[in-house]
Amino acid sequence: MEQNNKLLEVRNLIKVFVIGSGFARSKITAVENVSFELELNKPEIFTLAGESGSGKTTLARMILGFIPPSSGNILYKGKDVSKLKGREMELWFMREVQPVFQNPFETFNPLKKVDSYLYETVVNYGIANKKDAFKPIDEALNLVGLSLQEVSGRYPHEFSGGQLQRISIARALITKPALLIADEPVSMVDASLKMSICNLFKELKEKQGVSIMYITHDLATAYYVSDRIAIMFRGNIVELGSVEKILTDPKHPYTKILRDSVPEPDPERKWQGRIELSSFEEKEYQSRGCKFAGRCPHVMDICRSKMPEDILIDGRLVKCYLYASNLNKAIV
Ligand SMILES: Nc1ncnc2c1ncn2[C@@H]1O[C@H](COP(=O)(O)OP(=O)(O)O)[C@@H](O)[C@H]1O
Ligand SMILES: [Mg+2]
(Lines give C-alpha, C1' and ligand atoms only; values in the text may rest on other atoms or scores of the structure.)
(Ligands and ions follow the chains in the order given, each with its own letter.)
Protein backbone atom coordinates (compact mmCIF):
# COMPACT_ATOMS: atom_id res chain seq x y z
CA MET A 1 0.00 0.00 0.00
CA GLU A 2 1.18 3.48 -0.84
CA GLN A 3 0.49 4.68 2.71
CA ASN A 4 3.23 2.49 4.06
CA ASN A 5 5.91 4.69 2.52
CA LYS A 6 4.98 7.68 4.63
CA LEU A 7 5.95 8.53 8.17
CA LEU A 8 3.63 11.52 8.29
CA GLU A 9 1.01 12.78 5.89
CA VAL A 10 -0.62 16.12 6.52
CA ARG A 11 -3.51 16.65 4.16
CA ASN A 12 -5.47 19.86 3.64
CA LEU A 13 -5.20 20.71 7.30
CA ILE A 14 -7.28 23.63 8.54
CA LYS A 15 -7.65 25.19 11.99
CA VAL A 16 -10.11 27.98 12.56
CA PHE A 17 -10.08 29.91 15.85
CA VAL A 18 -12.86 32.13 17.05
CA ILE A 19 -11.33 35.26 18.53
CA GLY A 20 -12.82 38.09 20.56
CA SER A 21 -16.33 38.10 21.96
CA GLY A 22 -19.72 39.70 21.40
CA PHE A 23 -19.80 42.02 18.38
CA ALA A 24 -16.02 41.83 18.14
CA ARG A 25 -16.22 38.10 17.62
CA SER A 26 -14.51 36.90 14.48
CA LYS A 27 -12.72 33.93 13.05
CA ILE A 28 -9.21 33.44 11.87
CA THR A 29 -7.93 30.50 9.93
CA ALA A 30 -4.63 29.98 11.76
CA VAL A 31 -3.77 27.02 9.53
CA GLU A 32 -5.26 27.07 6.07
CA ASN A 33 -5.18 24.03 3.85
CA VAL A 34 -1.68 22.82 4.72
CA SER A 35 -0.34 19.63 3.13
CA PHE A 36 3.07 17.96 3.27
CA GLU A 37 4.58 14.54 3.79
CA LEU A 38 7.55 12.98 5.51
CA GLU A 39 8.89 9.72 4.13
CA LEU A 40 9.20 6.55 6.16
CA ASN A 41 12.73 5.20 6.68
CA LYS A 42 14.22 8.35 5.25
CA PRO A 43 15.06 10.50 8.26
CA GLU A 44 15.14 14.20 7.55
CA ILE A 45 15.01 17.54 9.24
CA PHE A 46 11.93 19.23 7.89
CA THR A 47 11.71 22.87 8.91
CA LEU A 48 8.65 24.98 9.28
CA ALA A 49 9.71 28.62 9.15
CA GLY A 50 7.91 31.91 9.20
CA GLU A 51 7.44 34.97 11.31
CA SER A 52 5.60 34.90 14.60
CA GLY A 53 1.86 34.40 14.10
CA SER A 54 2.14 32.38 10.92
CA GLY A 55 0.48 29.28 12.38
CA LYS A 56 3.55 27.12 13.07
CA THR A 57 2.70 26.24 16.65
CA THR A 58 -0.94 25.58 15.79
CA LEU A 59 0.16 23.18 13.07
CA ALA A 60 2.58 21.43 15.44
CA ARG A 61 -0.08 21.10 18.15
CA MET A 62 -2.47 19.47 15.72
CA ILE A 63 0.16 17.00 14.56
CA LEU A 64 0.94 16.10 18.18
CA GLY A 65 -2.75 15.45 18.77
CA PHE A 66 -3.00 18.27 21.37
CA ILE A 67 -5.76 20.10 19.49
CA PRO A 68 -8.16 18.76 16.87
CA PRO A 69 -8.07 20.08 13.31
CA SER A 70 -11.17 21.93 12.02
CA SER A 71 -10.80 19.80 8.91
CA GLY A 72 -8.23 17.78 7.02
CA ASN A 73 -6.23 14.76 8.06
CA ILE A 74 -3.02 13.83 9.80
CA LEU A 75 -1.83 10.32 9.13
CA TYR A 76 1.04 8.86 11.09
CA LYS A 77 2.35 5.64 9.54
CA GLY A 78 -0.93 5.48 7.67
CA LYS A 79 -3.14 5.93 10.75
CA ASP A 80 -5.39 8.93 11.25
CA VAL A 81 -4.13 10.62 14.43
CA SER A 82 -7.55 12.06 15.28
CA LYS A 83 -8.99 8.55 15.46
CA LEU A 84 -6.38 7.15 17.83
CA LYS A 85 -7.63 6.44 21.32
CA GLY A 86 -6.54 5.00 24.62
CA ARG A 87 -3.59 2.65 24.51
CA GLU A 88 -2.87 3.13 20.85
CA MET A 89 -2.63 6.88 21.40
CA GLU A 90 -0.66 6.66 24.61
CA LEU A 91 1.55 3.64 24.12
CA TRP A 92 2.16 3.91 20.39
CA PHE A 93 1.64 7.36 18.90
CA MET A 94 2.80 9.40 21.90
CA ARG A 95 5.91 7.28 22.19
CA GLU A 96 6.73 7.63 18.52
CA VAL A 97 6.03 11.33 18.13
CA GLN A 98 7.57 13.41 20.88
CA PRO A 99 7.50 17.16 21.43
CA VAL A 100 10.42 19.39 22.36
CA PHE A 101 9.32 22.78 23.64
CA GLN A 102 10.70 26.25 23.34
CA ASN A 103 11.64 27.19 26.84
CA PRO A 104 13.39 24.54 28.92
CA PHE A 105 12.98 26.70 32.03
CA GLU A 106 9.22 26.37 31.62
CA THR A 107 9.36 22.68 30.79
CA PHE A 108 10.97 21.98 34.16
CA ASN A 109 9.43 23.08 37.46
CA PRO A 110 12.16 24.97 39.36
CA LEU A 111 11.31 23.14 42.59
CA LYS A 112 11.53 19.69 41.13
CA LYS A 113 14.68 17.70 40.49
CA VAL A 114 15.32 17.40 36.78
CA ASP A 115 15.83 13.63 36.83
CA SER A 116 12.31 13.12 38.23
CA TYR A 117 10.95 14.09 34.79
CA LEU A 118 13.08 11.42 33.20
CA TYR A 119 11.91 8.75 35.65
CA GLU A 120 8.30 9.82 35.10
CA THR A 121 8.66 9.50 31.36
CA VAL A 122 10.09 6.00 31.67
CA VAL A 123 7.29 4.89 33.98
CA ASN A 124 4.37 6.74 32.35
CA TYR A 125 5.16 5.47 28.88
CA GLY A 126 5.62 1.94 30.16
CA ILE A 127 9.28 1.74 29.11
CA ALA A 128 10.36 0.21 32.43
CA ASN A 129 9.47 0.39 36.11
CA LYS A 130 11.27 2.86 38.32
CA LYS A 131 13.89 0.45 39.57
CA ASP A 132 14.93 -0.48 36.02
CA ALA A 133 14.78 3.10 34.75
CA PHE A 134 18.48 3.87 35.06
CA LYS A 135 19.46 2.25 31.77
CA PRO A 136 16.91 3.85 29.41
CA ILE A 137 17.48 7.25 31.05
CA ASP A 138 21.24 7.02 30.94
CA GLU A 139 21.13 5.88 27.30
CA ALA A 140 18.92 8.81 26.33
CA LEU A 141 21.17 11.26 28.17
CA ASN A 142 24.24 9.75 26.48
CA LEU A 143 22.68 10.60 23.11
CA VAL A 144 22.72 14.28 24.06
CA GLY A 145 26.22 14.16 25.53
CA LEU A 146 25.22 13.82 29.20
CA SER A 147 24.85 11.02 31.74
CA LEU A 148 22.41 10.29 34.52
CA GLN A 149 25.25 10.62 37.00
CA GLU A 150 25.75 14.26 35.95
CA VAL A 151 22.05 15.06 36.09
CA SER A 152 20.98 13.10 39.16
CA GLY A 153 19.61 15.00 42.13
CA ARG A 154 20.05 18.44 40.56
CA TYR A 155 17.51 21.23 40.11
CA PRO A 156 16.84 23.20 36.89
CA HIS A 157 18.73 26.32 38.05
CA GLU A 158 21.88 24.24 38.37
CA PHE A 159 21.97 23.84 34.58
CA SER A 160 22.47 26.29 31.75
CA GLY A 161 19.66 26.82 29.23
CA GLY A 162 21.60 24.79 26.70
CA GLN A 163 22.08 21.87 29.12
CA LEU A 164 18.42 21.95 30.12
CA GLN A 165 17.35 21.90 26.50
CA ARG A 166 19.61 18.88 25.99
CA ILE A 167 17.95 17.21 28.96
CA SER A 168 14.50 17.96 27.59
CA ILE A 169 15.58 16.46 24.26
CA ALA A 170 16.90 13.43 26.17
CA ARG A 171 13.51 13.15 27.87
CA ALA A 172 11.88 13.08 24.46
CA LEU A 173 14.32 10.38 23.30
CA ILE A 174 13.56 7.96 26.14
CA THR A 175 10.64 6.48 24.21
CA LYS A 176 12.82 6.02 21.09
CA PRO A 177 10.62 8.26 18.93
CA ALA A 178 10.66 8.18 15.15
CA LEU A 179 9.67 11.85 14.97
CA LEU A 180 10.55 14.83 17.15
CA ILE A 181 8.48 17.95 16.84
CA ALA A 182 10.64 20.76 18.14
CA ASP A 183 8.87 24.12 18.38
CA GLU A 184 11.43 26.95 18.49
CA PRO A 185 13.81 24.72 20.48
CA VAL A 186 16.79 27.07 20.31
CA SER A 187 15.11 30.44 20.60
CA MET A 188 15.74 30.60 24.37
CA VAL A 189 19.20 29.10 24.20
CA ASP A 190 22.34 31.29 24.23
CA ALA A 191 23.55 32.14 20.76
CA SER A 192 26.80 30.31 21.35
CA LEU A 193 24.97 27.11 22.20
CA LYS A 194 22.40 27.22 19.40
CA MET A 195 24.69 25.51 16.95
CA SER A 196 25.49 22.75 19.42
CA ILE A 197 21.77 21.94 19.75
CA CYS A 198 21.45 22.11 15.97
CA ASN A 199 24.36 19.71 15.62
CA LEU A 200 22.65 17.42 18.08
CA PHE A 201 19.56 17.34 15.84
CA LYS A 202 21.72 16.48 12.85
CA GLU A 203 23.41 13.70 14.79
CA LEU A 204 20.07 12.28 15.96
CA LYS A 205 18.91 12.20 12.39
CA GLU A 206 22.07 10.63 11.02
CA LYS A 207 22.95 8.19 13.79
CA GLN A 208 19.59 7.37 15.37
CA GLY A 209 17.40 7.74 12.29
CA VAL A 210 15.07 10.21 14.00
CA SER A 211 13.09 12.55 11.76
CA ILE A 212 12.75 16.05 13.11
CA MET A 213 10.19 18.71 12.43
CA TYR A 214 12.13 21.82 13.33
CA ILE A 215 10.01 24.90 13.86
CA THR A 216 11.70 28.26 13.84
CA HIS A 217 11.55 31.89 12.84
CA ASP A 218 15.31 31.85 12.45
CA LEU A 219 16.43 31.17 8.90
CA ALA A 220 20.11 30.94 9.78
CA THR A 221 19.70 27.82 11.91
CA ALA A 222 17.07 26.56 9.46
CA TYR A 223 19.60 26.76 6.64
CA TYR A 224 22.17 25.00 8.75
CA VAL A 225 20.09 22.01 9.86
CA SER A 226 17.31 21.42 7.36
CA ASP A 227 16.92 19.08 4.46
CA ARG A 228 13.62 20.59 3.37
CA ILE A 229 11.89 23.74 4.46
CA ALA A 230 8.31 24.96 4.34
CA ILE A 231 7.84 28.71 4.55
CA MET A 232 4.60 29.64 6.29
CA PHE A 233 2.73 32.90 6.06
CA ARG A 234 -0.61 33.52 7.76
CA GLY A 235 -1.58 29.88 7.88
CA ASN A 236 -0.35 28.88 4.43
CA ILE A 237 2.76 27.13 3.26
CA VAL A 238 3.82 29.54 0.52
CA GLU A 239 6.98 27.72 -0.56
CA LEU A 240 8.16 24.17 0.11
CA GLY A 241 11.24 22.29 -1.04
CA SER A 242 14.93 21.71 -0.44
CA VAL A 243 16.41 24.26 1.92
CA GLU A 244 19.34 24.83 -0.41
CA LYS A 245 17.12 25.84 -3.30
CA ILE A 246 14.66 27.86 -1.29
CA LEU A 247 17.05 29.90 0.79
CA THR A 248 19.66 30.48 -1.90
CA ASP A 249 17.13 31.17 -4.65
CA PRO A 250 13.72 31.96 -3.15
CA LYS A 251 10.80 32.27 -5.55
CA HIS A 252 7.89 33.45 -3.42
CA PRO A 253 8.01 37.21 -2.78
CA TYR A 254 7.49 36.56 0.95
CA THR A 255 10.39 34.10 1.11
CA LYS A 256 12.56 36.69 -0.62
CA ILE A 257 11.72 39.36 1.94
CA LEU A 258 12.18 36.92 4.80
CA ARG A 259 15.50 35.71 3.43
CA ASP A 260 16.80 39.19 2.78
CA SER A 261 16.03 40.24 6.31
CA VAL A 262 18.64 37.76 7.60
CA PRO A 263 21.90 39.65 7.91
CA GLU A 264 24.03 37.08 6.14
CA PRO A 265 27.62 37.92 7.05
CA ASP A 266 26.99 37.60 10.79
CA PRO A 267 25.17 34.37 11.67
CA GLU A 268 24.71 35.54 15.27
CA ARG A 269 22.62 38.52 14.23
CA LYS A 270 19.63 36.72 12.93
CA TRP A 271 16.30 37.82 11.75
CA GLN A 272 14.43 38.74 14.90
CA GLY A 273 10.83 37.79 14.49
CA ARG A 274 8.17 40.04 13.15
CA ILE A 275 8.52 42.21 10.09
CA GLU A 276 5.14 43.86 10.59
CA LEU A 277 2.94 44.98 13.42
CA SER A 278 0.45 42.56 14.91
CA SER A 279 -2.45 44.90 14.08
CA PHE A 280 -2.03 43.76 10.52
CA GLU A 281 -2.13 40.14 11.51
CA GLU A 282 -5.87 39.71 11.82
CA LYS A 283 -6.58 41.66 8.64
CA GLU A 284 -4.10 39.58 6.70
CA TYR A 285 -5.53 36.37 8.06
CA GLN A 286 -8.99 37.42 7.01
CA SER A 287 -8.14 38.79 3.59
CA ARG A 288 -9.36 36.91 0.56
CA GLY A 289 -6.85 35.59 -1.90
CA CYS A 290 -3.15 35.55 -1.14
CA LYS A 291 -2.54 36.69 2.43
CA PHE A 292 0.66 38.39 1.37
CA ALA A 293 -1.05 40.53 -1.31
CA GLY A 294 -1.15 43.60 0.95
CA ARG A 295 2.62 43.65 1.31
CA CYS A 296 3.70 42.11 -1.95
CA PRO A 297 5.77 44.23 -4.35
CA HIS A 298 4.46 42.17 -7.31
CA VAL A 299 0.77 42.12 -6.41
CA MET A 300 -1.73 41.61 -9.26
CA ASP A 301 -5.52 41.87 -9.27
CA ILE A 302 -6.09 38.13 -9.08
CA CYS A 303 -3.94 37.87 -5.94
CA ARG A 304 -6.56 39.77 -3.95
CA SER A 305 -9.46 37.53 -4.90
CA LYS A 306 -8.26 33.94 -4.97
CA MET A 307 -5.53 32.00 -3.21
CA PRO A 308 -3.09 30.63 -5.76
CA GLU A 309 -2.59 26.89 -6.04
CA ASP A 310 0.72 25.16 -5.43
CA ILE A 311 2.86 25.58 -8.49
CA LEU A 312 5.87 23.37 -9.13
CA ILE A 313 8.80 25.44 -10.27
CA ASP A 314 12.48 24.59 -10.17
CA GLY A 315 11.94 21.59 -7.91
CA ARG A 316 9.85 23.30 -5.23
CA LEU A 317 6.23 24.23 -4.62
CA VAL A 318 5.34 27.90 -4.67
CA LYS A 319 1.91 29.43 -4.00
CA CYS A 320 2.19 32.49 -6.20
CA TYR A 321 0.56 33.75 -9.40
CA LEU A 322 3.91 35.03 -10.66
CA TYR A 323 4.54 31.45 -11.69
CA ALA A 324 1.06 30.67 -12.99
CA SER A 325 2.42 29.91 -16.45
CA ASN A 326 3.94 26.81 -14.83
CA LEU A 327 0.61 25.68 -13.43
CA ASN A 328 -0.12 23.02 -16.01
CA LYS A 329 3.25 21.42 -15.47
CA ALA A 330 2.53 21.12 -11.76
CA ILE A 331 -0.32 18.72 -12.30
CA VAL A 332 1.71 16.00 -14.07
N1 LIG B 1 -5.97 29.05 21.08
C2 LIG B 1 -6.05 30.07 20.23
N3 LIG B 1 -7.18 30.83 20.15
C4 LIG B 1 -7.27 31.85 19.28
N5 LIG B 1 -6.29 32.21 18.42
C6 LIG B 1 -5.16 31.49 18.45
C7 LIG B 1 -4.96 30.39 19.35
N8 LIG B 1 -3.72 29.87 19.15
C9 LIG B 1 -3.17 30.62 18.18
N10 LIG B 1 -4.01 31.57 17.75
C11 LIG B 1 -3.77 32.55 16.69
O12 LIG B 1 -3.41 31.83 15.53
C13 LIG B 1 -2.40 32.52 14.81
C14 LIG B 1 -1.22 31.61 14.64
O15 LIG B 1 -0.61 31.43 15.89
P16 LIG B 1 0.58 30.40 16.15
O17 LIG B 1 0.18 29.07 15.62
O18 LIG B 1 0.95 30.48 17.58
O19 LIG B 1 1.73 31.00 15.22
P20 LIG B 1 3.33 30.89 15.34
O21 LIG B 1 3.66 29.68 16.14
O22 LIG B 1 3.77 30.82 13.91
O23 LIG B 1 3.79 32.15 15.99
C24 LIG B 1 -2.09 33.80 15.59
O25 LIG B 1 -2.83 34.85 15.03
C26 LIG B 1 -2.58 33.46 16.98
O27 LIG B 1 -2.97 34.63 17.65
MG1 LIG C 1 4.89 29.49 17.81
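I will try to describe carefully the structure that is included in this document. All figures in this text were calculated on a predicted structure; none of them were measured in a lab.

1. Description of the overall build of the chain
- Of regular secondary structure, the chain possesses 13 helices and 12 strands.
- Relative to the 2.2 N^0.38 estimate, which gives 20 Å for 332 residues, the radius of gyration of the chain is 21 Å and therefore close to what a compact globule would have.
- Overall, the C-alpha framework of the chain stretches about 65 × 45 × 45 Å when taken along its three principal axes.
- The long-range share in the chain, meaning contacts at least 24 apart out of those at least 6 apart in sequence, stands at 65%.
- Carbon and sulfur atoms provide 52% of the accessible area of the chain, an area that totals close to 15,700 Å².

2. Digging into unusual backbone geometry
- Phi angles above zero are rare outside glycine, and N41 is one such case at about 60 degrees.
- Structurally, N41 is set in the loop between β2 (26-39) and β3 (45-49).
- What makes N41 exposed here is its relative accessible area of 74%.
- Look at D314: it is not a glycine, yet its phi comes out positive at around 45 degrees.
- Here D314 is to be found in the loop between β11 (311-313) and β12 (316-318).

3. Re helix α8 (residues 191-208)
- Over its 18 residues, α8 extends 26 Å from the first C-alpha to the last, a length consistent with the 26 Å expected when each residue adds 1.5 Å.
- For α8, the secondary structure elements touched by its buried residues are β3, α5 (134-143), α7 (161-173), β7 (179-183), β8 (211-216) and α9 (219-225).
- Directly after α8, the chain includes G209, whose backbone phi takes a positive value near 70 degrees.

4. Remarks on empty space enclosed by the protein
- The full count for this structure, using the stated rule, is one cavity of 30 Å³ or more.
- Across the lining of the largest cavity, the residue classes break down as 12 nonpolar, two polar and no charged.

5. Concerning the packing of aromatic side chains
- Scanning the model with the defined rule gives eight aromatic pairs in all.
- The interplanar angle of 90 degrees and the centroid separation of 5.0 Å between the aromatic rings of F108 and Y117 together place this pair among those described as edge-to-face.
- Exposure remark for F108: the relative accessible area of 1% places this residue in the buried category.
- The buried category is assigned to Y117, whose relative accessible area is 14%.
- With a centroid separation of 6.2 Å and an interplanar angle of 55 degrees, the aromatic rings of F201 and Y214 are classed as tilted. In this pair, F201 is assigned in helix α8 and Y214 in strand β8, connecting sequence segments 13 residues apart.
- Here F201 falls in the buried class, since its relative accessible area comes to 1%.
- Residue class for Y214 comes out buried when judged on its relative accessible area of 1%.
- Through successive ring pairs, a cluster of aromatic residues spans Y76, W92 and F93.
- Note that K112 overlies the ring of Y117, its terminal NZ or CZ placed 4.6 Å from the centroid.
- For K202, the ring lying beneath its charged end belongs to Y224, and the centroid distance is 4.1 Å.

6. As for the site of ligand 1
- Taken together, 14 residues lie near ligand 1, and G53, K56, T57, T58 and E281 sit nearest.
- Contacts to ligand 1 include S54, whose backbone N or O atom sits 3.0 Å from an oxygen atom.
- One nitrogen or oxygen atom from the side chain of K56 is found 2.8 Å from an oxygen atom belonging to ligand 1.
- Those elements that place two or more of their residues in the shell around ligand 1 are β1 (6-19), β2, α1 (56-63) and α12 (279-286).
- In terms of residues, the shell around ligand 1 owes the most to one element, α1, which gives three residues.
- Each residue belonging to the shell around ligand 1 can be placed in one class, and the counts come to five nonpolar, six polar and three charged.

Cut-offs used in this document
- Residues numbered from 1 in each chain as written.
- Chains lettered and ligands numbered in written order.
- Predicted model: local features only at pLDDT ≥ 70, side-chain atom pairs only at ≥ 80, totals over all residues.
- Heavy atoms only, no water.
- Helix = DSSP H or I, 4+ residues; strand = E, 2+ residues; numbered from the N terminus.
- Rg over C-alpha atoms; globule rule 2.2 N^0.38 Å.
- Contact = heavy atoms within 4.5 Å.
- Areas by Shrake-Rupley, 256 points an atom, 1.4 Å probe, with all protein chains shown as cover.
- Buried < 20%, exposed > 50% of the residue type's maximum accessible area, 1.4 Å probe, protein only.
- Expected span 1.5 Å × (residues − 1).
- 1 Å grid on protein atoms, 1.4 Å probe; cavity = no way out; pocket = protein on both sides within 12 Å on 5 of 7 lines; lining within 4 Å.
- Points joined across faces, edges and corners; volume = space filled by probe spheres on them.
- Nonpolar A, V, L, I, M, F, W, Y, C, P; charged D, E, K, R; others polar.
- Phe/Tyr/Trp six-rings, centres within 6.5 Å; stacked < 30°, edge-to-face > 60°.
- Lys NZ or Arg CZ within 6 Å of the ring centre and 35° of its normal.
- Near = heavy atom within 4 Å.
- Polar contact = N/O pair within 3.5 Å; in protein donor to acceptor, adjacent residues only side chain to side chain.

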